[in-house]
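Now for the letters of each chain:
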Amino acid sequence: MKKTAFITGATSGIGKATAINFALNGINLVLCGRRQERLDVLKEELSKEVNVHTLNFDIRDKDSVQKAISSLPKDFAKIDILINNAGNAHGLDTIQEGSIDDWDAMLDINVKGLLYVSKALIPQMVERKSGHIINIGSTAGKEVYPKGNVYCASKHAVDAINQGMRIDLNPFGIRVGAVNPGLVETEFSNVRFKGDENRAENVYKGFEPLKPEDIAEIIHFVVTRPYHVNIADLVVMPTAQASSTIVNKS
Ligand code: NDP
Ligand code: 8X3
């Protein structure tokens, strides 16, 4: 029987690439995001391969999260795989210059949003004693870089939540693990720099960054290991990257 994956942030970047990879590998999909037109296009394309349902909600709004998940039709209600991926950086500023709105956005989306979705889906996994949760962290959750302060804090929180989930869900046989990428070329920097295309493009110039498809392949590898294998915490960087601040650029 086909599994069903619930992917947050499926309209772009890592989430979208994972949706495409999963569809090509026969995993049914619940795809989430705020940009409905993108969800519609993906659904039309991927429905050729698997069953696809879309949910449009802002992950910051806990009532919308709960309402959207409660609305899942019977055929999509049993979630085998949860990919907690939605997230972004907002701004790149010193702590003394940072914007409170940016801090709110990062903590509300990357941390609280991840918790709201998890809270809505974990009970069914506990009841069935099965499920697999992948939390998308970051190298920013393993180290802190200049001006990364609150984004790094949000991803360190994801790291802690990933560990906490694994501990608490251990008695129920639910697998929990994190995939922590370094620099991946997506819309991430466009969002971080609020649409400043030049600044965003510069982040990935002079070296070969990871592609969202690279991360999607890794996520697919993680979710297709035999049941006794849980990849608990995986860090992946471009070969040119040694740490958040050391990138071998030409
Ligand atoms: P993108 O900007 O390309 O994608 C972000 C996704 O998150 C979009 O689908 C967006 O959907 C969704 N999202 C953002 N805000 C909200 C919200 N309030 N409610 C619902 N969905 C939301 O970035 P990436 O693919 O790069 O990022 C995916 C994850 O990977 C993030 O958690 C990021 O922190 C992490 N990451 C990224 C790295 C990189 O270098 N790119 C490296 C390490 C980790 P929509 O706008 O339609 O709602
Ligand atoms: C994204 C990677 O280095 O831009 O999480 O913070 S970085």
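Thresholds applied
- Residues numbered from 1 in each chain as written.
- Chains lettered and ligands numbered in written order.
- Predicted model: local features only at pLDDT ≥ 70, side-chain atom pairs only at ≥ 80, totals over all residues.
- Heavy atoms only, no water.
- Near = heavy atom within 4 Å.
- Polar contact = N/O pair within 3.5 Å; in protein donor to acceptor, adjacent residues only side chain to side chain.
- Areas by Shrake-Rupley, 256 points an atom, 1.4 Å probe, with all protein chains shown as cover.
- 1 Å grid on protein atoms, 1.4 Å probe; cavity = no way out; pocket = protein on both sides within 12 Å on 5 of 7 lines; lining within 4 Å.
- Sits in = over half its atoms within 2 Å of the grid points.
- Helix = DSSP H or I, 4+ residues; strand = E, 2+ residues; numbered from the N terminus.
- Nonpolar A, V, L, I, M, F, W, Y, C, P; charged D, E, K, R; others polar.
- Expected span 1.5 Å × (residues − 1).
- Buried < 20%, exposed > 50% of the residue type's maximum accessible area, 1.4 Å probe, protein only.
- Contact = heavy atoms within 4.5 Å.
- Points joined across faces, edges and corners; volume = space filled by probe spheres on them.

(A) Expanded view of the site of ligand 1. If you check the shell around ligand 1, you find 30 residues, and the closest are Thr11, Ser12, Arg34, Tyr151 and Thr186. Between ligand 1 and Ile14 there is a distance of 2.9 Å, counted from an oxygen atom to a backbone nitrogen or oxygen. Residue Arg34 places a side-chain N or O atom 2.6 Å away from an oxygen atom belonging to ligand 1. Surface burial for ligand 1 is 97%, taken as the share of its 880 Å² of free accessible area covered by protein chains. When atom positions are compared with the pocket grids, ligand 1 is found to occupy the largest pocket. Looking at the shell around ligand 1, the elements that each hand over two or more residues are helix H1 (13–24) and helix H6 (149–169). Considering only residue class, the shell around ligand 1 consists of twelve nonpolar, twelve polar and six charged.

(B) Local environment of H1. Here H1 spans 17 Å end to end across twelve residues, near enough to the 16 Å set by a 1.5 Å rise per residue. For H1, a buried count of nine out of twelve residues is recorded, marking the element as mostly surrounded by other parts of the structure. Among the residues of H1, those classed as buried are Gly13, Ile14, Gly15, Ala17, Thr18, Ala19, Asn21, Phe22 and Ala23. Structurally, H1 contributes buried residues whose contacts are with strand S1 (4–7), strand S2 (28–33), helix H2 (36–46), strand S4 (81–84), strand S6 (175–181) and helix H9 (212–223). One or two positions beyond H1, positive phi appears at Gly26, with a value near 75 degrees.

(C) Expanded view of empty space enclosed by the protein. If you walk through the whole model with that rule in mind, you get one cavity of 30 Å³ or more. Quantified by volume, the largest cavity comes out at close to 80 Å³. In terms of lining, the largest cavity is formed by 15 residues, of which the most central are His90, Gly91, Asp93, Met106 and Asn149. At the level of secondary structure, the elements contributing two or more residues to the lining of the largest cavity comprise helix H5 (100–128) and H6. Grouping the amino acids of the lining of the largest cavity by side-chain chemistry returns five nonpolar, six polar and four charged.

(D) Looking closely at unusual backbone geometry. Even without glycine at this site, Lys147 takes up a positive phi of about 70 degrees. Along the polypeptide, Lys147 turns up in the loop between strand S5 (132–136) and H6. A positive phi angle, near 55 degrees, is found at Lys194, a position not held by glycine. Locating Lys194 in the fold gives a position in the loop between helix H7 (188–192) and helix H8 (197–203). The class for Lys194 is exposed, based on a relative accessible area of 54%.

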